[in-house]
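Observations on the model geometry
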Amino acid sequence: MRYEEQFYRKVKLIELNVVRKSFRKASLRVALCYPNVYRVGMSSLAIHIIYSLLNSYKDVLCERCFFTGRKIEPRTIEGNRSLREFDIILFSISYEKDIINIITMLKNAGIPPLRRTREGRGYPIIGAGGVVVMENPVILEEFMDILFIGDAEAILPKVIDVLISNNDKKKALEDLIEIEGVYIPKYASHYKEVRRSLALNLNSTPYPVRQVMFIKGPSELTPIYGRAYLMEISRGCPYWCRFCLLGYLCKPYRIRSLNRVMDILSQGMSMVRPSGIEKVVLISSAIGNYPKLEELLFWLVKDQKLKISIPSMRIDKMTYEMAELIRLGGQRTITFAPETGSKRIMNMIGKGITFDDIIEVAKTCRKVGFNNVKLYFIIGFPSEKEEDVRAIAELIKRIVEVGYSMREAVRVTVTPLIPKPHTPFQWLPMDDIKSIEKKIKLLRGLLGNDSRIRLSIYNINDALIQAIISKGDKNLSKALLKVEDLGGDMRAWKSVIRSMGLERYAYRRISLDEKLPWDIVNTGIPKYALKRLYELSVSELSG
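Everything quoted here is computed from the prediction, not taken from an experiment. (Residues numbered from 1 in each chain as written. Predicted model: local features only at pLDDT ≥ 70, side-chain atom pairs only at ≥ 80, totals over all residues. Heavy atoms only, no water.)

Time to look at the overall build of the chain. Counting its regular elements, the chain contains 21 helices and 19 strands. Here the C-alpha atoms of the chain give a radius of gyration of 23 Å, agreeing with the 24 Å that 2.2 N^0.38 yields for 543 residues. The C-alpha extent of the chain, read off along each of the three principal axes, is 65 × 55 × 45 Å. In the chain, which comprises 543 residues, the proportion classed as buried is 57%. In the chain, the share of contacts with a sequence separation of at least 24, taken over all contacts with a separation of at least 6, comes to 75%. Carbon together with sulfur atoms contributes 49% to the accessible area of the chain, which is approximately 22500 Å² in total. In the chain, 85 side chains carry a positive charge and 61 a negative one; their mean positions are 3 Å apart. (Helix = DSSP H or I, 4+ residues; strand = E, 2+ residues; numbered from the N terminus. Rg over C-alpha atoms; globule rule 2.2 N^0.38 Å. Buried < 20%, exposed > 50% of the residue type's maximum accessible area, 1.4 Å probe, protein only. Contact = heavy atoms within 4.5 Å. Areas by Shrake-Rupley, 256 points an atom, 1.4 Å probe, with all protein chains shown as cover. Lys, Arg positive; Asp, Glu negative; His and termini not counted. Charge placed at Lys NZ, Arg CZ, Asp CG, Glu CD.)

Here we come to the packing of aromatic side chains. In the structure shown here, the tally under the stated rule is seven aromatic pairs. Here Tyr 38 and Phe 214 contribute two aromatic rings whose centre-to-centre distance is 6.4 Å and whose plane-to-plane angle is 55°, an arrangement assigned as tilted. Residue Tyr 38 is located in helix H2 (residues 38-41), and its partner Phe 214 is located in strand E9 (residues 213-216); the two are separated by 176 residues in the primary sequence. Each member of the pair Tyr 38 and Phe 214 is classed as buried. Summarising the aromatic geometry, the rings of Trp 427 and Tyr 534 are spaced 5.7 Å apart at their centres and angled 70° between planes, so their arrangement reads as edge-to-face. Taken together, the positions of Trp 427 in the loop between strand E17 (410-416) and helix H16 (433-447) and Tyr 534 in helix H21 (residues 527-542) put the pair 107 residues apart, joining distant regions of the chain. For the pair Trp 427 and Tyr 534, one class covers both residues: buried. (Phe/Tyr/Trp six-rings, centres within 6.5 Å; stacked < 30°, edge-to-face > 60°.)

All right, on to the sheet that holds strand E10 (residues 229-232) then. Here we have three strands laid out as an open sheet, ordered E10-E13-E14, and parallel in their pairing. The open sheet is flanked by E10 and strand E14 (307-309), the only strands paired with a single partner. For this sheet, the mean angle separating the axes of adjacent strands, direction not counted, is 30°. (Pairing = 2+ DSSP bridges. Axes fitted to C-alpha atoms, helices over the stretch in contact; angles between N-to-C directions.)

Attention now moves to the pattern of salt bridges. Tallied over the entire structure, the rule returns 37 salt bridges. Notably, a salt bridge pairs Lys 97 with Asp 462, separated by 2.6 Å at the nearest N-O pair. In this pair, Lys 97 is assigned in the loop between strand E4 (88-92) and helix H4 (98-108) and Asp 462 in helix H17 (residues 460-470), connecting sequence segments 365 residues apart. Asp 462 gets classed as buried once you look at its relative accessible area, which sits at 18%. (Salt bridge = Lys/Arg side-chain N within 4 Å of Asp/Glu carboxyl O.)

Let us look at the nonpolar core. Ranked by size, the top nonpolar core spans 173 residues in total, and within it Phe 91, Leu 176, Leu 282, Leu 300 and Ile 399 carry the most contacts. Within the second largest apolar cluster, 23 residues are counted, among which are Phe 381, Leu 417, Trp 427 and Ile 510. (Core = buried A, V, L, I, M, F, W, Y, C linked by side-chain atoms within 4.5 Å.)

Note that Thr 423 resides in the loop between E17 and H16. Looking at Thr 423, the relative accessible area reads 0%, which means it is buried. If we skip the residues at most four places from it in the chain, Thr 423 touches Arg 242, Phe 243, Cys 244, Leu 245, Tyr 248 and Leu 530.

Taking 1.5 Å as the rise per residue, helix H14 (residues 355-367) with 13 residues should run 18 Å; its terminal C-alpha atoms sit 18 Å apart, in good agreement. Of the residues making up H14, those classed as buried are Phe 355, Ile 358, Ile 359, Val 361, Ala 362, Thr 364 and Cys 365. Where H14 is buried, its residues contact helix H12 (320-328), strand E15 (333-339), helix H13 (343-349) and helix H15 (386-400). (Expected span 1.5 Å × (residues − 1).)

What follows deals with the sheet that holds E4. Read across the open sheet, the six strands follow the order E3-E2-E4-E5-E6-E7; overall the sheet is mixed. Looking at the sheet topology across the chains shown, the edges are occupied by strand E3 (60-66) and strand E7 (182-183). Pairing between E4 and strand E5 (residues 125-129): five bridges, direction parallel. Within the sheet, the bridge partner assigned to Ser 92 lies in E5 and is Gly 129. In the packing of H4 onto the sheet, the strands contacted are strand E2 (28-34), E3, E4 and E5, and the crossing angle to E4 comes to about 155°.

The next subject is helix H3 (residues 45-55). The buried fraction of H3 is high, at nine of eleven residues. For H3, every residue scored as buried is listed here: Leu 45, Ile 47, His 48, Ile 49, Ile 50, Tyr 51, Leu 53, Leu 54 and Asn 55.

Another point: the confidence of the model for the chain. In this model, the chain carries an average pLDDT of 95, and 98% of its residues clear a pLDDT of 70 or more. This model gives residues 1-5 a pLDDT under 50, and the stretch forms eleven contacts once residues within four places in sequence are excluded. (pLDDT = per-residue confidence, 0-100.)

Bringing the packing of H17 against helix H19 (residues 490-500) into the picture now. At their nearest, the axes of H17 and H19 sit 11 Å apart, and the two run at 55° to each other. Taken as axis vectors, H17 and H19 run oblique relative to one another. Relative to H19, the crossing made by H17 is left-handed. Taken together, the residues of H19 that come into contact with H17 (itself represented by Asn 461, Asp 462, Leu 464, Ile 465, Ile 468 and Ile 469) are Met 490, Trp 493, Lys 494 and Ile 497. (Parallel < 35°, antiparallel > 145°, perpendicular 65-115°, else oblique. Left-handed = near helix turned anticlockwise from the far one by under 90°.)

Tracing the chain through its elements places Leu 198 in the loop between strand E8 (194-195) and E9. In this structure the C-alpha to C-alpha distance between Leu 198 and Gln 331, which are 133 residues apart in sequence, comes to 32 Å. Sequence-distant contacts of Leu 198, defined by excluding residues within four places in its chain, comprise Asp 151, Ala 154, Lys 251, Pro 252 and Arg 254.

This is the structure we're talking about:
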């Protein structure tokens, strides 16, 4: 048997609000694929947005599909159908390494991964969107028929109109060229650049009010946030931290009004609360900047008696009242991202917070009853010195001494800097592995065996792979195919990186005047502005 025929039925997956339509009657059949496991994919708001948007069309059928293993043919949850049966296959890509899973899913479905191999042979149209596509679509040119640059709500309605009215694949792709935010690799010579297409008014942008909910199934399928309703209150970020991709890729900062958010939640929770779902996850890249956050938290926690989960909040935006409401809403750990303990590095990255702010907020959170705090730091900044690493340890210890006395009360995650496209740091090389390992060893030694601190290090090899993919070009397709062919694991990656010299993508310092592969994406932020911020960072280091 090619496939464990009833995979999701065999594991007794039960969901609420699944949309089922007649496959035969649909004018356009879409397989919405997330190239990672179910629990990760169903924690992605993008999947809910696209699924809801496409199924809102009477003549469009959309079924979901997730990565289920290297030797299993991917089939859709709703109809247990092969991907080959659909008119279009759409991938939402959140993580660079998931590109390997895309290749695996296509191969296991009997679909050639390379675009040119599929041409003229009756295969479905294959497209992709998501942050990985937006940061550098060129790495996917050899695989995809369509690449989406921007927000799904702004792009997909125009794309669907073209596809429904056109049965000829070649003609449909030609007609899609003129749509803002759409990039057709076959006609790459047509493009000087691709402008992002954005949903600028979130109040009038469709939202997945009726969300598919995990109700029952094996624990390994439980979404990351548990059984919870996803509520995006804002999009983009108003800050200019020089290392942060989302800060540049998703500008401008846009909000949903409090009234609109409350209206969506009132409708959505009325559908899912009878099934025992009592938790709301607030989604935002800059939640502390939401104008009426305290009022929203009060309404959720006090009036609606709901549990809540919030993302990392900017330190200088947290108030005592907010912290108290977050704790009353059931969140047990509060999360912040100081990024560094060094004033020199803080100035260089443009974060704009002070260490006194950090300590005061840590005190506030402890005072309202939080026993645990999670902190994110980055190492590997340019010209980083031993004293900068020591400063991280000193800041962590200061936070511990505020009163976080329980075992593993202060949970620290350290990530190597990955210079990203479209940021002022895009011209910088990544710090090499030996240097990073040396700094981590120093940090571990400085923190010692303090049981109050739990130190987690983001896998350095994963960071290198992410840097290679994000700053790659279309020639990277050969390496991606080779990695998949060798098994797609870390051993395969190390072998291919070594044999094909892929480190050059991560470790090369790029000239400010060089034409970059990802320059095809117009983010709305001119390159001279990025250069100016880069120069400011350099001057901070030498000042």
